[in-house]
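# Structural characterization, general
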Amino acid sequence: MRRSASLLQVLLVFTTMVKTQWSTVSGIYCKEMSPNVYRPHSVTITEFGAIGDGVTLNTKAFRNAIFYLNSFADKGGAQLFVPAGKWLTGSFGLISHLTLSLDKDAVIIGSPDSSDWPVVDPLPSYGRGRELPGKRHQSLIFGSYLTDVIITGANGTIDGQGAIWWGWFHNHTLNYTRPHLVELMYSTNVVISNLTFKNSPFWNIHPVYCSQVLVQHVTILAPLNSPNTDGIDPDSSTNVCINHCYVKNGDDVIAIKSGWDEYGISFAHPSSNISISNITGETRGGAGIAFGSEMSGGISEVRAEGLRVVNSLQGIRIKTAPGRGGYVKNVYIADVSMYNVSIAIRISGNFGEHPDDKYDRNALPMISNITIKDVVGVNVGVAGILEGIHGDNFSNICLSNVSLSVQSAHPWNCSLIEGYSNSVIPESCEQLRSNCRQTSDCYDGSSSSATHGQEPRDTLSTSQLLNPLMKFTLF
Ligand SMILES: *[C@@H]1O[C@H](CO)[C@@H](O)[C@H](O)[C@H]1NC(C)=O
Ligand SMILES: *[C@@H]1O[C@H](CO)[C@@H](O)[C@H](O)[C@H]1NC(C)=O
Ligand SMILES: *[C@@H]1O[C@H](CO)[C@@H](O)[C@H](O)[C@H]1NC(C)=O
Ligand SMILES: *[C@@H]1O[C@H](CO)[C@@H](O)[C@H](O)[C@H]1NC(C)=O
Ligand SMILES: *[C@@H]1O[C@H](CO)[C@@H](O)[C@H](O)[C@H]1NC(C)=O
Ligand SMILES: *[C@@H]1O[C@H](CO)[C@@H](O)[C@H](O)[C@H]1NC(C)=O
Ligand SMILES: *[C@@H]1O[C@H](CO)[C@@H](O)[C@H](O)[C@H]1NC(C)=O
Ligand SMILES: *[C@@H]1O[C@H](CO)[C@@H](O)[C@H](O)[C@H]1NC(C)=O
Ligand SMILES: *[C@@H]1O[C@H](CO)[C@@H](O)[C@H](O)[C@H]1NC(C)=O
Ligand SMILES: *[C@@H]1O[C@H](CO)[C@@H](O)[C@H](O)[C@H]1NC(C)=O
Ligand SMILES: *[C@@H]1O[C@H](CO)[C@@H](O)[C@H](O)[C@H]1NC(C)=O
């Protein structure tokens, strides 16, 4: 009796503690998530009339189940369990203190009818979407202003049935920008893990204006020729950790973003403290790790280690253009292997693609403190195409211990960049050799909180931090 009477009070205390720990313990968001996240209430989607036959539309069942679970949000949270089966649905929204858990052979399938994906306003940092008149389709799974959300499963699948959307895209019959598979906005303490994402209409996983986000043990698959099927796009988000993922898709494996031209500049939400490790990717149209092209709110403090990129167009990529403004700085990328990659490193100051013609051509991006080291590449087409912007040199571009077996007779093509290099094979371009005594100016990743993120599995699990009740049961 006493225990339950004081439960709410205890929860309040622990919720506060959780917040404190997230913000003060740097890199804590990178810890391995425990599979045993305790939620005191759990329901199965079939209790809400869902039928897993791949034909019946279950949007109402998902919405009703989550509406019902809302009443447990202040009681330690709840789990929505999706058992084995094929669960066709339109878009549905999540709530705080929720675990969406898929069984091993559970497949959530996106409806092929575009009217099951509601039309919503564009993001404030993007202006219009890609398709006029500026609206966009809601993501299959979405949420705003949430905290303590876990989307997980025993490698269950979320399949967007993107082919029909790619068709509409190619034959110009889309009315609105295509949807993502998962998009969380303005949310914190988010875990996405142990799932397979397939055939997204557009980007797969899109945390935007979020903080404390962990994405791990995720497989992302889309045809190599599918348009814009980015894997994971942290966007205007901070304290994001992505690890142990396998991605094979049509566009960037991971793309860090922060808004588009004048909209991103005025919204001014940077992406920072991003930690990435142990990622394997294969992309026909993109890069293993990309920055931009939408980077107008700024991107900084990024640490990526343990990237394998195979059979891909590009390995490491920075995309920007006059009009973007913003910055990409303090980026540390190490321990990269590439096999059969057309362009190992590409920095483009002329990427183009503007939301409208109101962008400010004088808004030049600042690209500085980019360190790329310990790279091995076999069967690489071109080592690097590194191009800055007239009147806006990209600076402190540092390459160290980069060894590429390159087919081209002109392995490097550099312009309007400055920086340093050592132990680069084939020998780097002149622009990176002139000041090679100043390698101490190279960014070494140390100001990034993410440096603490690479510790091996810690006993203090993310779930314990996420779930106040879990904490409670420990006492
Ligand atoms: C996710 O998968 C990894 C690797 O297979 C496993 O170690 C971990 O316990 C799983 N986590 C959850 C939450 O199921
Ligand atoms: C998860 O499923 C995908 C797709 O079937 C598969 O490629 C991958 O190996 C599986 N991952 C794990 C950890 O079982
Ligand atoms: C456009 O693509 C959609 C989806 O693939 C298809 O259903 C439709 O028939 C196509 N329309 C035209 C005009 O080609
Ligand atoms: C675009 O709008 C037209 C007219 O309302 C509609 O017939 C068509 O199905 C819509 N296209 C898509 C891809 O939703
Ligand atoms: C890297 O991630 C893959 C899943 O993509 C996993 O199978 C493997 O064990 C991880 N390796 C390390 C060293 O953690
Ligand atoms: C190399 O990658 C390209 C795609 O970029 C692919 O078409 C080709 O089959 C790959 N070659 C090998 C030997 O894997
Ligand atoms: C150079 O990079 C390779 C590949 O990451 C690594 O194995 C090697 O130890 C590095 N060499 C030095 C001197 O750091
Ligand atoms: C280097 O790139 C510039 C601009 O893209 C191009 O005009 C030039 O031909 C390239 N040089 C070589 C040697 O490939
Ligand atoms: C820009 O960098 C180039 C080398 O890429 C250098 O020659 C030039 O002087 C630099 N411009 C300025 C204004 O520093
Ligand atoms: C670049 O890195 C150096 C050394 O880590 C640091 O002192 C400097 O402030 C950084 N520059 C920017 C623009 O952040
Ligand atoms: C990034 O991490 C550093 C060091 O842990 C921390 O001081 C800073 O507040 C973090 N930045 C954001 C935006 O959370």
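Residues numbered from 1 in each chain as written. Chains lettered and ligands numbered in written order. Predicted model: local features only at pLDDT ≥ 70, side-chain atom pairs only at ≥ 80, totals over all residues.

### What about the overall build of the chain?
Helix and strand counts for the chain stand at 7 helices and 26 strands. Relative to its full complement of 475 residues, the chain shows a buried share of 58%. (Helix = DSSP H or I, 4+ residues; strand = E, 2+ residues; numbered from the N terminus. Buried ≥ 20, exposed ≤ 12 C-beta atoms within 10 Å, placed from the backbone.)

### Regarding the site of ligand 5
His 244, Cys 245, Tyr 246, Asn 278 and Thr 280 make up every residue found near ligand 5. When contributions to the shell around ligand 5 are tallied by element, the ones reaching two or more residues are strand S17 (238–249) and strand S19 (271–283). Per-element tally for the shell around ligand 5: the top contributor is S17, with 3 residues. Looking at the shell around ligand 5 residue by residue, the classes come out as 2 nonpolar, 3 polar and no charged. (Near = placed C-beta within 6 Å. Nonpolar A, V, L, I, M, F, W, Y, C, P; charged D, E, K, R; others polar.)

### With respect to the site of ligand 7
Taken together, Asp 335, Asp 374, Val 376 and Asn 401 make up all the residues around ligand 7. Tallied by class, residues from the shell around ligand 7 come to 1 nonpolar, 1 polar and 2 charged.

### Quick notes on helix H4 (residues 163–170)
By the burial criterion, the buried members of H4 are Trp 165, Trp 166 and Phe 169. Along the long axis of H4, the arc covered by the buried residues comes to 100 degrees, so they all point the same way. Downstream of H4 by one or two residues, His 172 has phi in the positive range, about 60 degrees. (Arc of directions from axis to C-beta.)

### A short note on the nonpolar core
The biggest cluster of nonpolar side chains holds 118 residues, and the ones touching the most others in it are Trp 87, Val 215, Ile 242, Ile 254 and Ile 289. When residues of this core are assigned to domains, at least three fall in each of domain 1 (1–23 + 252–475) and domain 2 (33–196 + 206–214). Contacts of Ile 289, omitting those with residues within four sequence positions, involve Val 253, Ile 254, Ile 276, Ala 304, Leu 307, Ile 316 and Ile 333. Trp 166, Phe 169, Leu 174 and Tyr 176 belong to the second largest nonpolar core, which has 5 residues in total. (Core = buried A, V, L, I, M, F, W, Y, C linked by C-beta atoms within 7 Å. Domains from an automatic or database assignment. Contact = placed C-beta atoms within 7 Å.)

### Remarks on the sheet that holds strand S5 (residues 92–93)
With respect to topology, 4 strands assemble into an open sheet ordered S5-S10-S13-S15, the strand pairing being parallel. Edge strands, defined here as strands with exactly one partner in the open sheet, are S5 and strand S15 (205–208). As judged from the 4 bridges shared by strand S10 (residues 141–144) and strand S13 (residues 182–185), these two strands associate in the parallel manner. Residue pairing in the sheet places Ser 144 in a bridge with Met 185 of S13. (Pairing = 2+ DSSP bridges.)

### Some remarks on the pairing of strand S2 (residues 53–57)
The buried fraction of S2 amounts to 0 of the 5 residues, a small share that puts the element mostly on the outside. Bridge analysis of S2 against strand S4 (residues 85–89) gives 2 bridges, and the strand direction is parallel. Looking at the pairing, Leu 57 lines up with Leu 88 of S4.

### Details of the environment of His 170
One can find His 170 in helix H4. For the pair His 170 and Pro 227, spaced 57 residues apart in sequence, the C-alpha separation works out to 8.7 Å.

### Description of the confidence of the model for the chain
Mean pLDDT over the chain stands at 88; residues scoring 70 or higher make up 85%. Segment residues 1–26 is flagged for pLDDT under 50; beyond a separation of four residues in sequence, or across chains, it makes 16 contacts in the model. Scored below 50 in pLDDT, residues 448–475 makes 72 contacts in the model with residues more than four places away or belonging to other chains. (pLDDT = per-residue confidence, 0-100.)

### Quick look at the environment of Gly 388
In this fold, Gly 388 is placed in the loop between strand S23 (366–387) and strand S24 (394–406). Separated by 28 residues in sequence, Gly 388 and Leu 416 place their C-alpha atoms 4.6 Å apart. Excluding residues within four positions of it along the chain, Gly 388 makes contact with Gly 349, Asn 393, Phe 394, Ser 415, Leu 416 and Ile 417.

### A short note on helix H3 (residues 59–69)
Inspection of H3 places Ala 61, Phe 62, Ala 65, Ile 66 and Leu 69 among the buried residues, and these make up the whole buried set. Take H3 and look down its axis: the buried residues cluster within an arc of 125 degrees, on one side only. Considering only its buried residues, H3 is in contact with strand S1 (41–44), strand S3 (78–82), S4, S5 and strand S6 (98–102).

### Concerning unusual backbone geometry
Note the cis peptide between Gly 292 and Ser 293, where omega equals 5 degrees. For Ser 293, the location among the structural elements is in the loop between strand S20 (287–291) and strand S21 (299–319). Residues Ile 425 and Pro 426 are joined by a peptide bond in cis, for which omega reads -5 degrees. The phi dihedral of His 97 falls on the positive side, at around 55 degrees, and the residue is not glycine. If you trace the backbone, His 97 turns up in the loop between S5 and S6. A positive phi angle, near 55 degrees, is found at Tyr 209, a position not held by glycine. Along the polypeptide, Tyr 209 turns up in the loop between S15 and strand S16 (211–221). Assessed through the 23 C-beta atoms surrounding it within 10 Å, Tyr 209 is described here as buried.

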